[in-house]
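The chain contents come next:
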Amino acid sequence: MSTLKEALAQRIPARREEIAALVREHGDTVLSDVTVKQVYGGMRGVKSLVCDTSLVDPHQGLLIRGIPIADLTRRTAEEIFHLLLVGELPDAEGLASLKQTLFARSEIPEYVWKVMRNMPETAHPMDMLITAIAILEDQSVFRKRYDQGMKKEEYWEAALEDSLNLLGKLPGLAAGIHRIRYGKGELILPRADLDWSANFAHMLGNDEPDFADLIRLYMVLHSDHEGGNVSAFTAHVVASALSDPYYAVSAGLAGLAGPLHGLANQECLKFVLGVMDRFDGPPSAEQMEEYTWEILESGRVVPGYGHAVLRATDPRFTAFHEFGRSHFPDDPVFRTVDVGFQVIPGVLEAHGKATNPWPNVDAGSGALLYHYGITEMRYYTVLFSVSRAMGILTQLITSRAMMEPITRPKSVSTKWIQDQVAVAEAQAAGV
Ligand code: HAX
């Protein structure tokens, strides 16, 4: 058996050499062209980023190190973290060691709780989480070692230390934010016999085995979604300046807090409860259709549907949908999500705007949390964040291990683009 650090240390030299050779021998090979539409369209489809932890196939959905997410839904969060980082699932001893490592780093300094308790009652739970991570920066090993003159070859070791420290604390931080923000009583301490996600469920105050299983699934499904999504890309850019993992994760999660990205799960449940409120319970297919058209005609997006990369039903939605169907098919909130799944893609297709009318991960997750009493929808993106930190951190450690430089794409002015277009038109006209 080897620890996570040993497993990584064994793999890094060959990987560095592989990439160095690729750049040395094929550095000028063209991978992607860029069109005017892409430049003004959020760089959609421009291939200019490396992410080896995961890939989003438009039709298959998320693949973690080449394994479809649908084949990983029984795994623990620790297994997924190891897989993301090392490229392989851990053996039993490696898994036990990682579980122990994270538990040993779970204690949260008292000053963090003081700040959390003093934040305004109106502060969004994401604001609290981002603040908590930012003030933990004081504990950064990366920053201290950098100040002492750490060698570039060793950056990944300090990034790994910070990542494990932060990851160990995240379930406790997030659960504590829930208890403080929603008046749930005293903070609950983690238990040494529980793993990372089971402890999260426990610290949220619900020890039902099915709830722990949902939180495990939630942590697995949201863990990573390649490198170009807003949160991963933001964290990548910030960390490329050698800002430490605390800064990078808090910046990335600020992106996750946007309604077009991670906040969509909060918006989804609002949508579902809105339909139920209007029709006094789960709607018929016709009522759901009517409600969806109203949203679209008022110029709003239907949360939980559409995706920048996916072109099919998100397998993560399917996994949540299966969970609901097998555990509580008659729950009214779940039934409403189910009617939405049957109706909304057709409405979006008829509306004709969205490139992908199918549900994404956020469409159903809130209904499952709601069933177990996590009814505070503003909190949902915090759960997403705890999981997504795994992807952000493993991408960050990998970037430091590969000694990547600072990110700095070239921007151009609209005038420059207009000039290029004029030159291209003149050439096409043979002038
Ligand atoms: N409802 C209504 N209109 C939609 C839509 C939806 N669910 N999805 C896309 N569209 C619209 C877009 O707003 C856009 O309209 P404009 O031309 O007027 O700007 C048009 O269809 C084309 O957009 P697209 O190419 O299909 O989608 P984008 O790549 O631009 O955007 C989004 C992808 C996920 C942001 C988009 O589908 C959306 O806003 N969905 C609803 C919000 C949501 O569910 N977000 C969560 C996504 C998953 C995630 O990141 N979670 O964290």
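See above for the structure.
About the criteria used
Residues numbered from 1 in each chain as written. Predicted model: local features only at pLDDT ≥ 70, side-chain atom pairs only at ≥ 80, totals over all residues. Heavy atoms only, no water. Helix = DSSP H or I, 4+ residues; strand = E, 2+ residues; numbered from the N terminus. Contact = heavy atoms within 4.5 Å. Near = heavy atom within 4 Å. Polar contact = N/O pair within 3.5 Å; in protein donor to acceptor, adjacent residues only side chain to side chain. Areas by Shrake-Rupley, 256 points an atom, 1.4 Å probe, with all protein chains shown as cover. Nonpolar A, V, L, I, M, F, W, Y, C, P; charged D, E, K, R; others polar. Phe/Tyr/Trp six-rings, centres within 6.5 Å; stacked < 30°, edge-to-face > 60°. Buried < 20%, exposed > 50% of the residue type's maximum accessible area, 1.4 Å probe, protein only. Pairing = 2+ DSSP bridges. Axes fitted to C-alpha atoms, helices over the stretch in contact; angles between N-to-C directions. Parallel < 35°, antiparallel > 145°, perpendicular 65-115°, else oblique. Patch = residues over 30% accessible without salt bridge, like charges linked within 9 Å, V, L, I, M, F, W, Y side chains within 5 Å. Salt bridge = Lys/Arg side-chain N within 4 Å of Asp/Glu carboxyl O.

1. What about the environment of threonine 292?
The topology assignment puts threonine 292 in helix α14 (residues 285-297). Residue contacts for threonine 292: discarding those within four places in its chain leaves Phe271, Val302, Ile344 and Val347.

2. A word on the site of the ligand
Neighbouring the ligand are 21 residues; Val302, Gly304, Tyr305, Lys353 and Thr355 lie closest to it. Histidine 261 has a polar side-chain atom sitting 2.9 Å from an oxygen atom of the ligand. Here a nitrogen atom of the ligand and a backbone polar atom of valine 302 are 2.9 Å apart. Starting from 900 Å² of accessible surface for the ligand in isolation, the protein chains cover 74%. For the shell around the ligand, the class distribution of residues is 11 nonpolar, seven polar and three charged.

3. Quick notes on the packing of aromatic side chains
For any pair of aromatic rings, the description rests on two quantities: the centre-to-centre distance and the angle between the ring planes. Scanning the entire structure with this criterion turns up 10 aromatic pairs. Between tyrosine 218 and phenylalanine 320, the ring centres sit 5.6 Å apart and the planes meet at 45°, which makes this aromatic pair tilted. Here the residue tyrosine 218 occupies a position in helix α10 (residues 209-221), and phenylalanine 320 occupies one in helix α15 (residues 315-327), the gap between them amounting to 102 residues. There is no split in this pair, since tyrosine 218 and phenylalanine 320 are both buried. Between phenylalanine 328 and tyrosine 372, the aromatic rings sit 5.7 Å apart at their centres with planes inclined by 75°, giving edge-to-face as the arrangement. You can see phenylalanine 328 sitting in the loop between α15 and α16 (332-351) and its partner tyrosine 372 sitting in the loop between α17 (362-371) and α18 (380-401), a full 44 residues away along the chain. Across the pair, tyrosine 372 and phenylalanine 328 agree in class, each one buried.

4. What about the pairing of strand β2 (residues 61-64)?
Here strand β1 (residues 54-57) runs beside β2; their pairing, made up of four bridges, is antiparallel. Bridge pairing links valine 56 to leucine 62 in β2. Connecting β1 to the next strand, β2, in antiparallel fashion are three residues. Relative to strand β3 (residues 67-68), β2 is paired through two bridges, and the arrangement is antiparallel. Within β3, the position partnered with isoleucine 64 by the bridge is isoleucine 67. The antiparallel hairpin formed by β2 and β3 contains two residues in its connecting segment, where arginine 65 sits at a positive phi of about 45°.

5. So, the sheet that holds β2
One open sheet holds the three strands; their spatial order is β1-β2-β3, and the pairing between them is antiparallel. Only two strands of the sheet have a single neighbouring strand rather than two, namely β1 and β3.

6. Some points on the environment of valine 112
Mapped onto the elements, valine 112 comes out in helix α5 (residues 110-118). Counting along the chain gives 19 residues from valine 112 to threonine 131, while the straight-line C-alpha distance between them is 9.0 Å. Leaving out residues up to four positions away in the same chain, valine 112 has contacts with Ala132, Ile135, Leu136 and Leu173.

7. Section: the packing of helix α13 (residues 264-279) against α17
Look at α13 against α17: their axes get within 8 Å of each other, and the N-to-C directions meet at 70°. In terms of orientation, α13 and α17 fall into the roughly perpendicular class. From α13, Ala264, Asn265, Cys268, Leu269 and Leu273 reach across to α17, where they touch Asp362, Ala363, Ser365, Gly366, Ala367 and Tyr370. In terms of residue class, the contact of α13 with α17 is made up of seven nonpolar, three polar and one charged.

8. Examining a nonpolar patch on the surface
A surface patch of nonpolar side chains, amounting to about 420 Å² of accessible area, comprises Val34, Val36, Val39, Tyr40 and Val421. Here the element with the most residues in the nonpolar patch is helix α2 (residues 36-40); it accounts for three residues. Within the element layout of this structure, valine 34 appears in the loop between α1 (4-26) and α2.

9. Section: unusual backbone geometry
For methionine 43, which is not glycine, the phi torsion reads 60° and is therefore positive. Counting through the fold element by element, methionine 43 comes out in the loop between α2 and β1. Take methionine 43: its relative accessible area is 49%, and that puts it in the partly exposed class. Unusually for a residue other than glycine, methionine 403 sits at a positive phi of about 55°.

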